[in-house]
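# Structural description and commentary
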Amino acid sequence: MKLVIANWKMNPQTAREAITLARSTFSRARKIKKIKLVVCPPHIWISHIRAVLKKPVELGAQDVAFAKAGAFTGEISPAMLKHEGCTFAIIGHSERRTMLNESDTLINRKVLNALEGKLSVVLAVGEQKREGSRHVVDAVLETQLKEALKQVKAKDAHRIAVAYEPVWAIGTGVGASAHDALQAALVVRKVFAKHFGVAFGNKVRVLYGGSVDAKNVAQYVNQPGIDGVLVGGASLNPRGFAQLLGALR
Ligand code: PGA
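Residues numbered from 1 in each chain as written. Predicted model: local features only at pLDDT ≥ 70, side-chain atom pairs only at ≥ 80, totals over all residues. Heavy atoms only, no water.

The eight strands lie next to each other as 1-2-3-4-5-6-7-8, forming a closed barrel whose pairing is parallel. The average angle at which neighbouring strand axes cross in this sheet is 25°, direction not considered. Sheet analysis places strand 4 (residues 86-91) next to strand 5 (residues 120-125), joined by four bridges and oriented parallel. By the bridge assignment, Ala89 is partnered in strand 5 with Val121. In this fold helix 8 (residues 178-196) packs onto strand 6 (160-164) and strand 7 (205-209), with an angle of close to 145° to the strand it touches most, strand 6. (Pairing = 2+ DSSP bridges. Helix = DSSP H or I, 4+ residues; strand = E, 2+ residues; numbered from the N terminus. Axes fitted to C-alpha atoms, helices over the stretch in contact; angles between N-to-C directions. Contact = heavy atoms within 4.5 Å.)

The following block contains the structure:
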C-alpha cells in the first residue's frame, strides 16, 4: 500500500478555508484503494479538519515537541496530537532544519518523544545542494539518519517512515530523478538494516518528496524501493491532488 502524505505547511489562513480544502480534497477518499492517505494541516486547524475528515484518511502533524509536557512555550506534545486524532508527525522537515535552526540532536529528541507518545513518524532527510556527488549526498543522508535514530528501539522502528526530500527540489518545480530518489531510498534501507536488522532494511517505508505532482508521481512510486510520496504545494489544489492520486492507481 502506497503512503501519501499531504503537507499543507502554513496554509490555508482561516478555519473555513481549511475545512473547504479538506472537504473538496478528501470527499471521495472512501473510494481510494491501496493508498494510505495522511493529511498534515497546521496544528491550529487539526481539530477542524478532524471534524470533517472521513475514514480512511488519517491526520498528521507537521511537527511535534521534544518533551512530554510542561513549560515549553508554543510547543505541542504527542499526547495533544493523539488526543486530536493525529496518528503521524512529520519530523525534521528541511524548512524547520534551515529556517528554524533545528539540529540533528533536537530532531532525535523529537523522534524519541513522538515514538514514546505512540505516534508514527515521518522523518524527513535530504541534501541541500543539487550539485553534490552521489558520495556526498549519501554521506549527508547517513549522518542525518544516524543522528535521528539514536536510541530508537527496534520495537518502535516500524513506526518510522523516512521521506527523502532533497532541499533543492522542494517547492521549485524541479524534482529529483527517479533514479536518484531510488539511490537515496537504498541508503535509507542500508542504514535501517544496520541499525535494526536486515528485515527492517526491507520493511522501512521510504517516501520521496520535492515538487511531486500528478505528472511525475508515477515515476517515483513505480520504483520498487519507494513506498510513497510527501506532497507539499500540489496538496493545496484539490483537482491536481485528485489527479495525483489517480496517477497512483
Ligand atoms: P513541495 O513540498 O511538494 O511543495 O515541493 C514538499 C515538502 O516540502 O514536503
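To continue, consider the environment of Phe196. Looking at the secondary structure, you find Phe196 in helix 8. Using a relative accessible area of 10% as the deciding quantity, one classes Phe196 as buried. For the pair formed by Phe196 and His158, sequence separation is 38 residues and the distance between their alpha carbons is 9.7 Å. Beyond its immediate sequence surroundings of up to four residues, Phe196 is in contact with Leu149, Val152, Lys153, Ala154 and Ala157. (Buried < 20%, exposed > 50% of the residue type's maximum accessible area, 1.4 Å probe, protein only.)

Mapped onto the fold, Arg97 is located in helix 4 (residues 94-99). For Arg97, a relative accessible area of 13% translates into the label buried. Within the structure, the side chain of Arg97 is placed 3.0 Å from the side chain of Asp104, a separation counted as a polar contact. (Polar contact = N/O pair within 3.5 Å; in protein donor to acceptor, adjacent residues only side chain to side chain.)

Turning our eyes to something else, we now look at the nonpolar core. Phe26, Leu123 and Ile160 are the most contacted members of the largest nonpolar core, which has 71 residues in total. Among the elements that make up this core, the one with the highest residue count is helix 8 (nine residues). Not counting residues within four places of it along the chain, the set of residues in contact with Leu123 comprises Ile91, Arg97, Ile107, Val111, Leu145, Ala148, Leu149, Ile160, Ala161, Val162 and Ala163. Counting residues in each nonpolar core, the second largest holds 11 residues, with Ile5, Val122, Ala161 and Ala163 among its members. (Core = buried A, V, L, I, M, F, W, Y, C linked by side-chain atoms within 4.5 Å.)

For Arg189, the position within the fold is in helix 8. Of the residues examined, Arg189 reaches a relative accessible area of 11% and is grouped as buried. In terms of polar contacts, Arg189 uses its side chain to reach the side chain of Asp227, at 2.9 Å. Sequence-distant contacts of Arg189, defined by excluding residues within four places in its chain, comprise Gly201, Asn202, Lys203, Val204, Val206, Gly225 and Asp227.

It is worth spelling out the site of the ligand at this point. Around the ligand, a shell composed of 13 residues is seen, among which Lys9, His93, Glu165, Gly171 and Ser211 lie nearest. In the model, an oxygen atom of the ligand is placed 2.8 Å from a nitrogen or oxygen of the Gly232 main chain. In isolation the ligand exposes 280 Å². Once the protein is present, 95% of that is buried. (Near = heavy atom within 4 Å. Areas by Shrake-Rupley, 256 points an atom, 1.4 Å probe, with all protein chains shown as cover.)

By themselves, these figures tell us nothing about what the structure is for.
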